[in-house]
Each structure stands twice: as C-alpha cells, then as structure tokens.
Amino acid sequence: MARQATTKPRSVTFLKVAIALQTLTLFFQATTAGMLLSSSHGAVLHDVGSRVMYGASMLYVLAAILAWRPGGGTPRPILYATGFLALASVQVVLGIAHMPSLHVPLGVLMFGLSTLALGQMLTTHVWGRSRYAS
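About the criteria used
- Residues numbered from 1 in each chain as written.
- Predicted model: local features only at pLDDT ≥ 70, side-chain atom pairs only at ≥ 80, totals over all residues.
- Heavy atoms only, no water.
- Helix = DSSP H or I, 4+ residues; strand = E, 2+ residues; numbered from the N terminus.
- Buried < 20%, exposed > 50% of the residue type's maximum accessible area, 1.4 Å probe, protein only.
- Contact = heavy atoms within 4.5 Å.
- pLDDT = per-residue confidence, 0-100.
- Polar contact = N/O pair within 3.5 Å; in protein donor to acceptor, adjacent residues only side chain to side chain.
- Core = buried A, V, L, I, M, F, W, Y, C linked by side-chain atoms within 4.5 Å.
- Phe/Tyr/Trp six-rings, centres within 6.5 Å; stacked < 30°, edge-to-face > 60°.
- 1 Å grid on protein atoms, 1.4 Å probe; cavity = no way out; pocket = protein on both sides within 12 Å on 5 of 7 lines; lining within 4 Å.
- Points joined across faces, edges and corners; volume = space filled by probe spheres on them.
- Nonpolar A, V, L, I, M, F, W, Y, C, P; charged D, E, K, R; others polar.

Along its length, the chain carries four helices and zero strands. Along the chain, helices and strands appear, N-terminal first, in the series α-α-α-α. The buried share among the 134 residues of the chain stands at 31%. Put simply, 64% of the contacts in the chain that link residues at least 6 apart link residues at least 24 apart.

Have a look at this one:
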C-alpha cells in the first residue's frame, strides 16, 4: 500500500505552538507590568519580555503562512497573525512613548484575542474539524 505524505499535521502543530507561545508571552508581559509597580526588576523583565513577545508575534505569522501554503487552505490565520503583529507594533510604540493609558488596555485586548485564537485553534482540532486546513 502506498502511503500519502502530507505536511499538514506538522504545520498545524507548529501553528498551535506559535499561538500558545504568543499567549504565554503576553501573560508574562501582564505579570511583569504588575511587577513594575513594586520592583526595579520589573522594568528589565518587561523590556526583555516585550522583545520576546514581538518575536513570538513574528513566529505566529511564519507559522500561519507555513500552515496555509502546503494544503492550500484558508488564509484566515495569516490575517489573524498579521493583525497581532500590527497590534504588537502599536504596543511597542505606546510602551516606548510611555503612554500607559493606551498601552495597558491594548495589552489586555491582545491577551484576550490571543487566548481566544488559541482556544479556537485547540477546540477545532480536538473535534476533528479544522478551519485552518483544506
């Protein structure tokens, strides 16, 4: 019997990992933002975490492209990932400009959206139907 090789499961797993990493780094950023209020170490951790979070957003874009390309499925995850990268860019600018009145709510929004995307990705694949594959 011939076995058909496909790259969908590997690329979808990479997409799940990328979304999970992004969500985890956003949670870390929320934690270190709270530490800013009570410790001098919070600023260093928040600064380092911002770079990791931005990298995780770029990784999410790459994973979305790789998950879409082999199977020719919907490009919707690429739009989501690109949107997150745009939000992350705005978040970095607001943080550098020291505008907490906009920086904090945007961070909360980003964490909520990332958690929603992760939950959606995990539940659609648990039940065997995927909107991210063909």
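A positive phi angle is found at histidine 98, which is not glycine, with a value near 55°. Locating histidine 98 in the fold gives a position in the loop between helix 3 (76-96) and helix 4 (100-126).

The subject of this paragraph is the confidence of the model for the chain. Scored by pLDDT, the chain has a mean of 85; 81% of the residues are at 70 or more. For the chain, helix 1 (residues 8-36) is the element with the lowest average pLDDT, namely 88, and helix 3 is the one with the highest, namely 94.

What follows concerns the side chain of serine 114. Structurally, serine 114 is set in helix 4. At a separation of 2.6 Å, a polar atom in the side chain of serine 114 contacts the side chain of threonine 23. Sequence-distant contacts of serine 114, that is, excluding residues within four places in its chain, are made with Ile19, Gln22, Thr23, Leu26 and Phe84.

Counting 16 residues, the largest nonpolar core has Leu15, Ile19, Tyr60, Ala64, Ala81, Ala117 and Met121 as its most contacted members. When residues of this core are traced back to their parent elements, those giving at least two are helix 1, helix 2 (41-71), helix 3 and helix 4. Here this core takes five residues from helix 2, the largest share from any one element. If you look at the next biggest cluster of nonpolar residues, it comprises six residues, including Leu26, Leu94, Leu106 and Met110.

Attention now moves to the packing of aromatic side chains. Throughout the structure, instances matching the rule amount to two aromatic pairs. With a centroid separation of 5.8 Å and 50° between ring planes, the pair formed by tyrosine 60 and phenylalanine 84 is classed as tilted. Of the two residues, tyrosine 60 is situated in helix 2 and phenylalanine 84 in helix 3; the sequence distance between them amounts to 24 residues. A relative accessible area of 2% means that tyrosine 60 is categorised as buried.

The space that makes up the largest pocket amounts to roughly 720 Å³. Together, 24 residues line the largest pocket, and Gln29, His46, Gln91, Gly95 and His103 are the ones closest to its centre. The set of elements that each furnish at least two residues to the lining of the largest pocket consists of helix 1, helix 2, helix 3 and helix 4. Class assignment of the residues belonging to the lining of the largest pocket gives a composition of 14 nonpolar, eight polar and two charged.

Looking now at the environment of glycine 119. Locating glycine 119 in the fold gives a position in helix 4. Residue classification places glycine 119 among the partly exposed residues on the basis of a relative accessible area of 28%. Between the C-alpha atoms of glycine 119 and lysine 16, which are 103 residues apart in sequence, the distance is 9.7 Å.

Let's shift gears to the environment of leucine 116. Its place among the elements puts leucine 116 in helix 4. For the pair leucine 116 and threonine 23, spaced 93 residues apart in sequence, the C-alpha separation works out to 9.4 Å.

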